[in-house]
Amino acid sequence: MDFCLSSVIRNAKQILKLQSVDTSRNQSDVPRGHFAVYVGDIERKRFVVRISYLNHPSFQDLLHQAEEEFGFDHPTGVLTIPCKEETFVDLASRLNHL
């Protein structure tokens, strides 16, 4: 897979910055060291995950899929991962046990 981790993290930070200025949602439910991500192809569900996920190759694969589908200029300004909710929950569960 040919993409630069630093650009993925930089762009994820830009998306998170956009998300933090969104006054329509109360951001107090995102604890320090975490970020919100929306998951799903059609119906999207919001998850709050650890920042450390950004360093894991499996999560980076999901970010790469998001980049391919949406680019880093997503119209809603939130990080959206186009995969099945079950797939994401499975990955998040595995990463929580590391």
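What you see is a predicted model, and the numbers here were worked out from it, not measured in a lab.

Draft legend 1. Local environment of the side chain of R46. For R46, the location among the structural elements is in strand β2 (residues 45-50). Residue R46 is classed as buried on the basis of its relative accessible area of 18%. Among the polar contacts listed, one links the side chain of R46 to the side chain of D29, at a separation of 2.8 Å. Polar contacts involving the side chain of R46 include one to the side chain of Y38, which spans 3.4 Å.

Draft legend 2. Focus on the sheet that holds strand β3 (residues 80-81). Spatially, β2-β1-β3 is the arrangement adopted by the 3 strands of the open sheet, whose pairing is mixed. Only two strands of the sheet have a single neighbouring strand rather than two, namely β2 and β3. As defined by bridge partners, strand β1 (residues 34-39) adjoins β3 across 2 bridges and the pair is classed as parallel. Of the residues in β3, the one forming a bridge with Y38 is T80. Most of the contacts of helix α3 (residues 85-96) go to β2, to which it runs at about 15°, and overall it touches β1, β2 and β3.

Draft legend 3. Representation of the nonpolar core in the model. Membership of the largest hydrophobic core comes to 17 residues, with the highest contact counts inside it found for F35, V37, V49, F59, L62, I81 and F88. Listing elements by their share of this core, those giving two or more residues are β1, β2, α2 (57-70) and α3. When residues of this core are assigned to their parent elements, the largest contribution, 4 residues, is made by α3. Discounting chain neighbours no more than four positions away, the residues touching L62 are I81, C83, F88 and L91.

Draft legend 4. Geometry of α3. Between the first and last C-alpha of α3 there are 16 Å, a value that for 12 residues agrees with the 16 Å anticipated at 1.5 Å per step. Those residues of α3 that fall on the buried side of the exposure criterion are F88, L91, A92 and L95. All buried residues of α3 fall inside an arc of 100° around its axis, so they share one side. The inward-facing, buried residues of α3 abut β1, β2, α2 and β3.

Draft legend 5. Local environment of the pattern of salt bridges. Throughout the structure, instances matching the rule amount to 3 salt bridges. When the shortest N-O distance is used, the salt bridge between R46 and D29 registers 2.8 Å. Of this pair, R46 sits in strand β2 while D29 sits in the loop between α1 (5-20) and β1, placing them 17 residues apart in sequence. One salt bridge connects K45 with E85, and the closest N-O pair in it is separated by 3.4 Å.

About the criteria used
Residue numbers run consecutively from 1 along every chain, following the written order of its sequence. Local features in this predicted model are restricted to residues of pLDDT 70 or higher, and side-chain atom pairs are both shown and tallied only at a pLDDT of 80 or more, whereas totals for entire chains, interfaces and linings draw on every residue. The basis for every side-chain value is the complete set of heavy atoms in the structure, and neither hydrogens nor water enter the calculation. Only runs of H or I of at least four residues qualify as helices and only runs of E of at least two qualify as strands under DSSP, and these elements are numbered from the N terminus. Buried residues are those whose accessible area, probed at 1.4 Å on protein chains only, stays under 20% of the maximum for their type, while exposed residues exceed 50% and partly exposed ones sit between those limits. In protein, a polar contact requires one atom able to donate a hydrogen and another able to accept it; more generally it is a pair of N or O atoms within 3.5 Å, and residues adjacent in sequence count only if both atoms are side-chain atoms. Whether two strands pair depends on DSSP finding at least two bridges between them. By definition, residues are in contact when any of their heavy atoms lie within 4.5 Å. Angles shown run from 0 to 180 degrees and are taken between the N-to-C directions of axes, each axis being a line fitted to C-alpha atoms and, for helices, limited to the stretch in contact. We define a nonpolar core as any set of buried Ala, Val, Leu, Ile, Met, Phe, Trp, Tyr and Cys residues linked to one another through side-chain atoms lying within 4.5 Å. Any helix carries an expected span of 1.5 Å times its number of residues minus one. Picture the helix axis, draw a direction to every C-beta atom, and the arc is the one those directions span. Whenever a carboxyl oxygen of Asp or Glu lies within 4 Å of a side-chain nitrogen of Lys or Arg, that contact is scored as a salt bridge.

By themselves these figures say nothing about function.
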